[in-house]
Amino acid sequence: MITVKQLTKVYQSGKISFPALKEVSVAIEKGEFVAVMGPSGSGKSTFLNVLGCLDRPTSGSYFLENSEVSLLNEDELARVRNQKIGFVFQTFNLLPRLNILRNVELPMIYAGAPAKERRQRAQEVLNQVGLLEWAGHRPPEISGGERQRVAIARALVNQPAVILADEPTGNLDSHASTEVMTIFKKLHRQGTTIVLVTHEQEIAAYARRILFFRDGQLIKEEITSVPPEVNNQ
Amino acid sequence: MSLIEGLRLALESLWVNKMRSSLTILGVVIGIAAVITVVAVGQGGQAVLMAELQKIGTNIFAIYVNWQEGEPLGKHDFTFQDIAVIKELVPEITYLAPTYYIPAVARGPKDKKPAQVIGTEADYAQVANVKVVRGRFLSQGTGTTRAVAVLDQALAGEIFGRLDPVGKRVTINNRPAQVIGLTKEESGFLGIQTSKRIYVPLNFAQDISGQRLIQQLEGMAANQEKISAAMAKAVKVLERRHNAKDRYKAISLEEQMKIAGKITGIITLIIGAVAGISLLVGGIGVMNIMLVSVTERTREIGIRLALGARRKDVLKQFLIEAVVLCLAGGLLGVVIGAGGSMLVARLAKWPPLISFGTVLIAFAFSVAIGIFFGLYPAGRAAKMNPIEALRQE
């Protein structure tokens, strides 16, 4: 599903170049739940940005569902972000001026879906994260945990190939974190592919595989033992 | 992203900043309103001018002495014989009257008023379309110095009060004259109130001024087609009689009106251009606010790009916002401009002329301004790097 080979990203600032990713190679299968861990500056966010087609690798190849993403032009990348990728950010990144339904609809607007279909689908995913009754409210009117659930609904709305979550619980208290992670777990069970960046061990524990980054390199992979308190829920 | 969706996004964004949006369009509103008002009033004036011409007649002309510098004054002055000969030799001319205009003061038993004295004779009534309502107009005798006067009805009312002036005495610049008739009140030209008129025999006018002079000849051709021939022949007769070349000029009322029309047209253009500059300033204001808006909404742009907006979607969104702003300004400007020209027209007493074309051009201009001044800010929005934009607080 996702295959990266020798992925390298070098940031150039004047004469100084900084390698954020050094020849990372990894494959993620369909339906996998992968956590990416590492200290700050380890390259995990850059890795996620490249996977999310927000950034282009300096060298190396990236196959997403068998198509070579690094060969695509800007408009095609936008289309990949729109159709195949669902982003969940640490800071939620909802548009505060639009109501929750409109926020969730947004990726479908750029997909060119007709209004009726958009509303139906947006309500469906809002229902999935348990926030349908808040559809008419604006993001500032709901709690952080709820906002992140709206963001997840938005990520799901175009039925993407993979959900990319960048520290999705970084701004949440432990109760809200558990709520959000429960949703991710549920999505994983339903077969959604998830790649999640975190630096918290308990959050990473929800994943089935953990990739450890340091200094731009993938240094270690670990298959998690299934924690009983997570599995028995 | 469809146009309707883009429009909806734009309206949503503009609605959030209602105050800012309305202040932004103010410049465009004022600009469009000013242009509409100037053009409407100008075109209205032009139309009135033409209507006035139709009313007075397109077959009226005047001949005057084209005095050359260095020549003694009065060398080529008109004579009463000139008139008689021209009438005899030029069949295209139906009426021809000598005129002498003197500003004067008319005194009656009740009051005194400034008045325009016109020394002339009977033909003038036809040429200038003077309507006698009581008594009679001047007779055709040119040699007479009889001290008689025909008064504008309104003037007579002012200086005689409720007395019937016909047969009574009026004093013109301290010279007594007998009132023989009253004319219909003059409405003035283009609604501008001129001095009220007193018609007297030409010789009497010369007595009042103390100068033996005929200022010009005013005539009427049989019809519009014959006016050029009438003027040319009359000038030829005068040149032969006075043995002088290029000393007489004839001009038709139509030509005079056209010159006046040209002048008002130029004035309209100049004022319109000044108003157009305010429109330009309005456009710059829109660009300024759009740039602020793009900077403020950097994060929003990042989010949209991450969710799959193409660069051209972002460009379109901001461009539509600018165009919607300017179009709203244009709409309001047209309404205010229409009101403004109605007001000016009421004060100037002529109908405003807001043509469909003017309104259409105003709208097209608003859109053009929106696109022109919106393109740069929208381009900046579209060029943003999504990662950096998302990092923005």
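Keep in mind that this is a model prediction, so the values were computed, not measured.

## A closer look at the packing of helix 3 (residues 100-111) of chain A against helix 4 (residues 115-128) of chain A
All names here are of chain A.
Item 1. Taken N-terminus to C-terminus, the directions of helix 3 and helix 4 make an angle of 120°; their axes are 9 Å apart at the nearest point. Relative to helix 4, helix 3 is oriented oblique. The way helix 3 lies across helix 4 gives a crossing that is right-handed. For the pair helix 3 and helix 4, the contacting residues are Ile100, Leu101, Arg102, Val104, Glu105, Met108 and Ile109 in the first and Glu117, Arg118, Arg119, Arg121, Ala122, Gln123, Val125 and Leu126 in the second.
Item 2. Per-class residue counts for the contact of helix 3 with helix 4 are eight nonpolar, one polar and six charged.

## What to know about the sheet that holds strand 2 (residues 16-28) of chain A
Residues and elements named next belong to chain A.
Item 1. The strand order across the open sheet built from four strands is 2-1-4-5, with neighbouring strands paired in antiparallel fashion. Two strands in the sheet have a free side with no partner beyond their single neighbour: strand 2 and strand 5 (67-68).
Item 2. Sheet analysis places strand 4 (residues 59-64) next to strand 5, joined by two bridges and oriented antiparallel. Bridge pairing in strand 5 links Leu64 to Ser67.

## Topic: the nonpolar core
Item 1. Within the largest apolar cluster, 74 residues are counted, with the highest numbers of intra-cluster contacts made by A:Ile2, A:Phe47 and A:Tyr62.
Item 2. For this core, the element with the highest residue contribution is helix 10 (residues 311-348) of chain B, accounting for nine residues.
Item 3. The next biggest cluster of nonpolar side chains, apart from the first, holds 43 residues, and it includes B:Ala149, B:Val170, B:Leu202 and B:Ile227.

## Some points on the domain arrangement of chain B
Item 1. One can read the domain layout of chain B as domain 1 (3-52 + 259-391) and domain 2 (91-224).
Item 2. The gap between the C-alpha centroids of domain 1 of chain B and domain 2 of chain B is 55 Å.

## A closer look at the packing of helix 3 of chain A against helix 5 (residues 144-156) of chain A
If you want to describe how two helices pack, look at the angle between their axes and the distance between the axes.
Residue and element names in this part refer to chain A.
Item 1. Running from N to C, helix 3 and helix 5 point in directions that differ by 35°, and their axes come no closer than 7 Å. Like other packed secondary-structure pairs, helix 3 and helix 5 cross with a definite hand, here right-handed. Mapping the contact onto sequence places Ile100, Asn103, Val104 and Pro107 in helix 3 and Val150, Ala153 and Arg154 in helix 5.
Item 2. Per-class residue counts for the contact of helix 3 with helix 5 are five nonpolar, one polar and one charged.

## Description of the interface of chain B and chain A
Item 1. With 25 residues of chain B at the interface, the matching set in chain A holds 23 residues.
Item 2. Taking both sides of the interface into account, the surface hidden between chain B and chain A amounts to around 2,300 Å²; carbon and sulfur atoms contribute 55%.
Item 3. Taken together, the links from chain B to chain A amount to six salt bridges.
Item 4. For the salt bridge of A:Arg118 with B:Glu5, the shortest nitrogen-to-oxygen distance reads 2.9 Å.
Item 5. Here chain B and chain A share 11 residue pairs in polar contact (both at pLDDT 80 or more) between them.
Item 6. Broken down by secondary-structure element, the contributors of at least two residues to the side of chain B that touches chain A are helix 1 (3-16), helix 9 (298-306), helix 10 and helix 12 (386-391) of chain B.

## Let's talk about the environment of B:Glu321
Residues and elements named next belong to chain B.
Item 1. With respect to the secondary-structure elements, Glu321 resides in helix 10.
Item 2. On the basis of relative accessibility, which here comes to 1%, the residue Glu321 falls in the buried class.
Item 3. Separated by 35 residues in sequence, Glu321 and Phe356 place their C-alpha atoms 26 Å apart.
Item 4. Once residues lying within four places of it in the same chain are set aside, the contact partners of Glu321 are Ala10, Ser13, Leu14, Met290, Ser293 and Arg297.

## Some thoughts on the pairing of strand 7 (residues 175-183) of chain B
Residues and elements named next belong to chain B.
Item 1. Both strand 4 (residues 132-135) and strand 7 contribute to a ladder of three bridges, which runs antiparallel. Bridging from a neighbouring strand, Gly135 pairs with Gly181 of strand 7.
Item 2. Pairing geometry for strand 5 (residues 148-152) and strand 7, over five bridges, is parallel. Counterpart to Val148 in the pairing with strand 7 is Gln178.
Item 3. Summarising the sheet, strand 6 (residues 169-172) and strand 7 pair through four bridges and their orientation is antiparallel. Counterpart to Val170 in the pairing with strand 7 is Ala177.

## As for the packing of aromatic side chains
Residue and element names in this part refer to chain B.
Item 1. According to the stated counting rule, one finds six aromatic pairs over all chains in the structure shown.
Item 2. Seen in terms of ring centroids, Phe372 and Phe373 are 5.0 Å apart; in terms of plane orientation they differ by 85°. Their pairing is edge-to-face.
Item 3. For Phe372, a relative accessible area of 62% puts it in the exposed group.
Item 4. Exposure remark for Phe373: the relative accessible area of 6% places this residue in the buried category.
Item 5. Following the ring pairs from residue to residue traces out a cluster consisting of Tyr124, Phe137 and Tyr199.

Cut-offs used in this document
Residues numbered from 1 in each chain as written. Chains lettered and ligands numbered in written order. Predicted model: local features only at pLDDT ≥ 70, side-chain atom pairs only at ≥ 80, totals over all residues. Heavy atoms only, no water. Axes fitted to C-alpha atoms, helices over the stretch in contact; angles between N-to-C directions. Helix = DSSP H or I, 4+ residues; strand = E, 2+ residues; numbered from the N terminus. Parallel < 35°, antiparallel > 145°, perpendicular 65-115°, else oblique. Left-handed = near helix turned anticlockwise from the far one by under 90°. Contact = heavy atoms within 4.5 Å. Nonpolar A, V, L, I, M, F, W, Y, C, P; charged D, E, K, R; others polar. Pairing = 2+ DSSP bridges. Core = buried A, V, L, I, M, F, W, Y, C linked by side-chain atoms within 4.5 Å. Buried < 20%, exposed > 50% of the residue type's maximum accessible area, 1.4 Å probe, protein only. Domains from an automatic or database assignment. Buried area = accessible area lost by both parts, 1.4 Å probe. Salt bridge = Lys/Arg side-chain N within 4 Å of Asp/Glu carboxyl O. Polar contact = N/O pair within 3.5 Å; in protein donor to acceptor, adjacent residues only side chain to side chain. Phe/Tyr/Trp six-rings, centres within 6.5 Å; stacked < 30°, edge-to-face > 60°.

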